[in-house]
Protein chains: 2
Amino acid sequence: MTVGIIGLGLIGGSMALDLKRRGFAATVLGVENDPVHSAAAEKMELVDRVVPMDECLRLSDIVVVAVPVGTAVRMVPQILDSFGSEGASGKVVIDTCSTKGRICRQVKYHPLRGRYVATHPMAGTEYSGPWAAMTGLFDGRACIFADAEESDPQALALIERMYDTLNMRPIYMNSDNHDVHTAYVSHISHVTSFALALTVLDKERDEKHIFDLASGGFSSTVRLAKSNADMWVPILTQNRDNVLQVIDTYIDKMNQFRKAIADGDEDRIRALIGEANRIKKILR
Amino acid sequence: MTVGIIGLGLIGGSMALDLKRRGFAATVLGVENDPVHSAAAEKMELVDRVVPMDECLRLSDIVVVAVPVGTAVRMVPQILDSFGSEGASGKVVIDTCSTKGRICRQVKYHPLRGRYVATHPMAGTEYSGPWAAMTGLFDGRACIFADAEESDPQALALIERMYDTLNMRPIYMNSDNHDVHTAYVSHISHVTSFALALTVLDKERDEKHIFDLASGGFSSTVRLAKSNADMWVPILTQNRDNVLQVIDTYIDKMNQFRKAIADGDEDRIRALIGEANRIKKILR
């Protein structure tokens, strides 16, 4: 089996490592248009070879699109086009992006729609680039298969087996539901971290030593603010309506805290914290 | 040296363990008014003995007040009173609370003010109670000494030596500055985590499986929402003005994101994320 991975960043690079090490792929090819990333990926031996796109598409049984979702939306239909009549011969393309609605709508009526499997491996760190790639990144995490019934059963089964090699737990849902869910459990926490970083960085202009006091709690709350704009700009714009709805709920909660603190209403602050503490039962 | 610790929770219990293990204290006494915590602390052998308050004050060279700041504000002056003429004989009281302005104002004109050292060891986890205590909690972290010039030099030197045993890095600042700084690098991140938890928990009422998708990023951003109301209600009320100012800046940043996303203004989103990314240079 040859797997071709387009985009050798955190996700693509980590996938390359484990698919090869664990024997799912005899050969892993990579496509990377950033010359520094490309050179680093070769030096780090993330893939067997970095190749041009057309060579990757010609030689790969599975093509993994692991690029920012704005690019993926254009790329997936082109890759399906490239399969041509060979589409029937078994090539499959997948993407790994964090929003699924728009990309699924984009290919809905493509004649080779069945050869596309929409996935979202829910794993990552706040780092990006080939140097962020690591083995074991996906182990034990959830992988979402969106609109799986629109993929050919053979294509779906192959990709299920691929993610099983990565030790991921499959979850099936439609692409619109996916985007609502990820707005709540992923996209909003990035926005809140970015806003927190901006708040404290503003203050740092006057108070140079403010970060001397930053503790583990602050670091953990703000760490997603290191995340990459290339990845997050298209996520936030493609998932606009869901993200706005969550931001509105969130700002409303912040205002409830603000009012309770401004009023010195200890009972109300206690009630809000007590309610928030229910998160303990949910997170391990 | 006998150290008496009032409040055998995360901070008091962890301090007890390392001060004893590392030989700073020959004897560590504990005071704990919650009967379950008290029994657990004895069973876990966090201290040599759990004793009544008066016995602790009589036998201890250093009294550590490690209780929520609302209680500490009342307790520290009472403990100074209890030193009476013995105050001169060398007893010292410290507190470990996360706000320093009000407690320092409270004792400013106390005749034994010099026997009090206002400290804030900036270490902790989102867990509380004696079962959260651990060795090494303070290693390498910052400890703030607030208004240190108002403590007797001998008392200050003793407590500096105590925190040096805990491997903490001393930072000196006035109590009002401390409260501004901690509003930015600690208090606000708790409020944002509480608000995030509330936002997602609200959605969970309709979508029972929403947390199936929660990834490491979400968990890290929301983990402070497990924090205890007994500790946080008095912090947020005592540091009201600073916290409100930071919340207002923060809500303004959230609204900037909201507007950029609503407008589909990719350049603006990119600029905001790029600015937030500066946090990378500051956090290791």
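Since the model is a prediction, treat every value here as computed from it, not as a measurement. Here the residue index of a chain counts from 1 through its sequence in written order. Chain A is the first chain written and ligand 1 is the first ligand written, with later ones labelled in order. Where totals are concerned, whole chains, interfaces and linings use all residues; where local detail is concerned, this predicted model gives features only for residues with pLDDT of at least 70, and gives and counts side-chain atom pairs only at 80 or more. Excluded from the side-chain calculations are hydrogens and water; all other atoms, namely the structure's heavy atoms, are used.

When a residue's accessible area, from a 1.4 Å probe over protein chains only, is under 20% of the maximum for its type it is buried; when over 50% it is exposed; and in between it is partly exposed. A run of DSSP states H or I qualifies as a helix once it reaches four residues; a run of E qualifies as a strand once it reaches two. Both are numbered from the N-terminal end. Where burial is concerned, most of helix H9 (residues 229–238) of chain A is hidden: 8 out of the 10 residues are buried. For H9(A), the secondary structure elements touched by its buried residues are helix H4 (69–83), helix H5 (101–107), helix H7 (175–204) and helix H10 (240–262) of chain A together with helix H10 (240–262) and helix H11 (266–276) of chain B. Contacts were defined at the residue level, with two residues in contact if any of their heavy atoms lie within 4.5 Å.

The operation relating chain A to chain B is a screw motion whose rotation component is 180°, with 0.0 Å of axial translation and a residual RMSD of 0.0 Å. In short, the pair behaves as if placed about a two-fold rotation axis. Considering only C-alpha atoms, the residue of chain A closest to the rotation axis is Thr221(A), which sits at 2.1 Å. Interface overlap between copies is the fraction of interface residues in one copy that are interface residues in the other; for chain A against chain B it reaches 100%, indicating a shared surface. Only residues with pLDDT of at least 70 in both copies contribute their C-alpha atoms to the least-squares superposition of the copies.

Residues and elements named next belong to chain B. Where helix H2 (residues 35–43) is concerned, the buried positions are Ser38, Ala40 and Ala41. Down the axis of H2, the smallest arc covering the buried residues is 165°, so these residues share one side. Residues of H2 that are exposed and angled more than 90 degrees away from the buried face: Pro35, Val36 and Lys43. Tucked into the core, H2 has its buried residues touching strand S3 (49–50). Measuring from the backbone nitrogen of Val36 back to the side-chain oxygen at the start of H2 gives 2.9 Å, which picks out Asp34 as the cap. Positive phi appears at Glu45, one or two residues downstream of H2, with a value of about 55°. In this description, the arc belongs to the directions extending from the helix axis to the C-beta atoms. Polar contact criterion, stated in full: a pair of N or O atoms within 3.5 Å, where within protein one must be able to donate a hydrogen and the other to accept it, and residues adjacent in sequence count only if both atoms are side-chain atoms.

With that settled, the discussion passes to the pairing of strand S4 (residues 62–65) of chain B. Residue and element names in this part refer to chain B. Residue alternation in S4 divides its side chains into two sets, Ile62 and Val64 and Val63 and Val65, and both sets are buried. Bridging between strand S1 (residues 2–6) and S4 involves 4 bridges; their strand directions are parallel. Residue pairing across strands places Ile6 opposite Val65, the latter belonging to S4. In this scheme, strands are said to pair when DSSP sees at least two bridges between them. Judged from the 4 bridges that link them, S4 and strand S5 (residues 92–95) form a sheet pairing that is parallel.

Take the nonpolar core next. Residues belong to a common nonpolar core when they are buried Ala, Val, Leu, Ile, Met, Phe, Trp, Tyr or Cys residues joined through side-chain atoms within 4.5 Å. Formed by 144 residues in total, the largest nonpolar core has its most connected members in Phe218(A) and Phe218(B). Discounting residues that sit within four places of it in the chain, Phe218(B) has contacts with Tyr184(A), Val185(A), Ser189(A), Ile279(A), Leu283(A), Leu196(B), Val200(B) and Phe211(B).

All names here are of chain A. Tracing the chain through its elements places Thr119 in strand S6 (residues 116–121). According to the relative accessible area criterion, Thr119 is buried, its value standing at 0%. Reaching out from Thr119, the side chain makes a polar contact with the backbone oxygen of Asp95 at a distance of 2.6 Å. Residue contacts for Thr119: discarding those within four places in its chain leaves Ile94, Asp95, Thr96, Cys97, Lys100, Cys143, Ile144, Phe145, Ile159 and Tyr163.

In sheet architecture, strand pairing relies on hydrogen bonds along the backbone and comes in two forms, parallel and antiparallel. All names here are of chain B. With mixed pairing, the 8 strands of this open sheet are ordered in space as S3-S2-S1-S4-S5-S6-S7-S8. Since the sheet does not close on itself, it has two edges, and those belong to S3 and strand S8 (169–173), each with one partner. The sheet strands contacting helix H6 (residues 153–165) are S4, S5, strand S6 (116–121), strand S7 (142–146) and S8, and the helix crosses S5 at an angle near 55°. What counts as an axis is a line fitted to C-alpha atoms, over the stretch in contact for a helix, and the angles between N-to-C directions run from 0 to 180 degrees.

Time to look at the sheet that holds strand S5 (residues 92–95) of chain A. Residues and elements named next belong to chain A. Pairing is mixed in the open sheet, where 8 strands are placed in the order S3-S2-S1-S4-S5-S6-S7-S8. Single-partner strands in this sheet number two, and they are strand S3 (49–50) and strand S8 (169–173). Direction of pairing for S6 relative to strand S7 (residues 142–146): antiparallel, over a ladder of 4 bridges. Following the sheet pairing, Thr119 is matched in S7 by Phe145. The strands that H7 touches are S6, S7 and S8; relative to S8, the one it contacts most, it runs at about 115°.

Another point: the interface of chain A and chain B. Listed by partner, the interface residues are 85 residues for chain A and 86 residues for chain B. The term buried area refers to how much accessible surface (probe radius 1.4 Å) is lost by two components on association, counted for both of them together. Between chain A and chain B lies a buried interface of about 8,400 Å² when both sides are counted; carbon and sulfur atoms form 70% of it. When a carboxyl oxygen of Asp or Glu is within 4 Å of a side-chain nitrogen of Lys or Arg, the pair counts as a salt bridge. The shortest N-O distance in the salt bridge between Asp230(A) and Arg270(B) comes to 2.8 Å. There are 19 residue pairs in polar contact (both at pLDDT 80 or more) connecting chain A and chain B. Of all the secondary-structure elements, those providing two or more residues to the side of chain A that touches chain B are S7, S8, H7, helix H8 (216–222), H9, H10, helix H11 (266–276) and helix H12 (279–282) of chain A. The biggest single contributor to the side of chain A that touches chain B is H7(A), with 20 residues. Class assignment for the residues of the side of chain A that touches chain B results in 46 nonpolar, 18 polar and 21 charged. Ten residue types, Ala, Val, Leu, Ile, Met, Phe, Trp, Tyr, Cys and Pro, are classed as nonpolar, four, Asp, Glu, Lys and Arg, as charged, and the remainder, Gly among them, as polar.

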